[in-house]
Amino acid sequence: KLPGADVSMATPCVDWSGAWNYQYLAEHSDGLFVMAYAIHWGGGAPGPQLPMAAKSPWTHKTLQWVIDDYVYYGKAKNKAKFILGLPLYGYSWASATDKPGSKSTATGKSITFSNAQDAAAKAGGWVWDSASESTFFVTKDAAGGWVQSWCDNLKAFGMRVDYLHVQDVMLGLWALGYSDGDPAVMAAIEAWRV
């Protein structure tokens, strides 16, 4: 219908209901942009958008699991068509405690990568969660309650980009503008591209 066009489509991080035929879609498109984020979302409990590891208290999917799932169901021969969209955003949740695995006490609000970097610095810095190999920071709300903000910092983002490189999987981002042109983010993208 559109000679010379590239046709790609967005596909889920996790096919919770088994409704997606990754192999068919990969073979009939130029690429699948895997929305590799939202493992934790605003309506759920505080946690990382895309964990690298899943040790207690986390039992959710990881970046490795997402890639393995696509390679298995989409077939290794189509691997070049899988574009892993890494998150350049996160969420801030009012939470019961300041510890990972806490329950939320209100719906989370999204925060961009750029805004999270600034907010973390003002909050005293990032906390490294070794169980998920992810980052978050903690603040207090106006009423004195805990607020956990989970978003990758440059270290966590770089680990994910490096992993895609090792796995020989395409890099995508949601959304590039959320980094506000951060030179370190751009350098990581360029290093992956080269």
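Residues numbered from 1 in each chain as written. Predicted model: local features only at pLDDT ≥ 70, side-chain atom pairs only at ≥ 80, totals over all residues. Heavy atoms only, no water.

## Looking at the environment of alanine 45
- Its place among the elements puts alanine 45 in the loop between β2 (31–35) and α2 (63–74).
- Taking the relative accessible area as the measure of exposure, alanine 45 reaches 36% and is therefore partly exposed.
- Spatially, the C-alpha atoms of alanine 45 and serine 95 are 8.2 Å apart, while their sequence positions differ by 50 residues.
- For alanine 45, the residues in contact, after removing those within four places along its chain, are His40, Trp93, Ser102 and Ser104. (Helix = DSSP H or I, 4+ residues; strand = E, 2+ residues; numbered from the N terminus. Buried < 20%, exposed > 50% of the residue type's maximum accessible area, 1.4 Å probe, protein only. Contact = heavy atoms within 4.5 Å.)

## Some thoughts on the sheet that holds strand β7 (residues 134–140)
- Taken in spatial order, the five strands of this open sheet run β5-β4-β8-β7-β6, and their pairing is antiparallel. Looking along the sheet, the strands with just one partner apiece sit at the ends: β5 (109–112) and β6 (127–129). Strand-to-strand twist across the sheet, computed as the mean angle between neighbouring axes with direction ignored, equals 30°.
- Across the sheet, helix α3 (residues 113–122) touches β4 (89–95), β5 and β7, and the angle it forms with β5 is around 90°. (Pairing = 2+ DSSP bridges. Axes fitted to C-alpha atoms, helices over the stretch in contact; angles between N-to-C directions.)

## Focus on the sheet that holds strand β9 (residues 170–174)
- Overall, parallel pairing links the four strands, which are arranged β1-β2-β3-β9 in an open sheet. Of all strands in the sheet, those with a lone pairing partner are β1 (8–12) and β9, marking the two edges. For this sheet, the mean angle separating the axes of adjacent strands, direction not counted, is 30°.
- Contacts between α2 and the sheet are confined to β1, β2 and β3 (82–87), with β3 contributing the most and set at about 160° to the helix.

## Things to note about the nonpolar core
- With 36 residues, the main nonpolar core has Leu63, Leu84, Leu86, Phe157, Leu164 and Leu171 as its most contacted residues.
- Residues in contact with leucine 171, not counting those within four places in the same chain, are Ile83, Leu84, Leu86, Val161, Leu164, Ile189 and Trp192.
- Tyr37, Tyr91, Phe136 and Trp150 belong to the second largest nonpolar core, which has eight residues in total. (Core = buried A, V, L, I, M, F, W, Y, C linked by side-chain atoms within 4.5 Å.)

## Focus: the pairing of β7
- Bridging between β6 and β7 involves three bridges; their strand directions are antiparallel. Residue pairing in the sheet places tryptophan 128 in a bridge with threonine 135 of β7.
- What sits between β6 and β7 in their antiparallel hairpin is a turn of four residues, with glutamate 133 showing a positive phi close to 55°.
- Bridging between β7 and strand β8 (residues 146–150) involves five bridges; their strand directions are antiparallel. Along β8, the bridge assignment pairs phenylalanine 136 with tryptophan 150.

## With respect to the pattern of salt bridges
- Counted by the stated rule, this structure contains four salt bridges.
- As a salt-bridge pair, lysine 77 and glutamate 27 come within 3.2 Å of each other at their nearest N and O atoms. Taken together, the residues lysine 77 in the loop between α2 and β3 and glutamate 27 in helix α1 (residues 22–27) connect sequence positions 50 residues apart.
- You can call lysine 77 exposed: its relative accessible area is 65%.
- Put simply, glutamate 190 and arginine 193 hold a salt bridge, and the shortest N to O gap is 2.6 Å. Taken together, the residues glutamate 190 and arginine 193, both in helix α5 (residues 183–193) and three residues apart, mark about one turn of the helix.
- Here glutamate 190 falls in the partly exposed class, since its relative accessible area comes to 36%. (Salt bridge = Lys/Arg side-chain N within 4 Å of Asp/Glu carboxyl O.)

## Examining unusual backbone geometry
- Omega for the peptide link from serine 56 to proline 57 comes to 15°, which places this bond in the cis form.
- Summarising the element assignment, proline 57 is placed in the loop between β2 and α2.
- Located in the positive-phi region is aspartate 168, a residue other than glycine, with phi close to 55°.
- Summarising the element assignment, aspartate 168 is placed in the loop between α4 (154–167) and β9.

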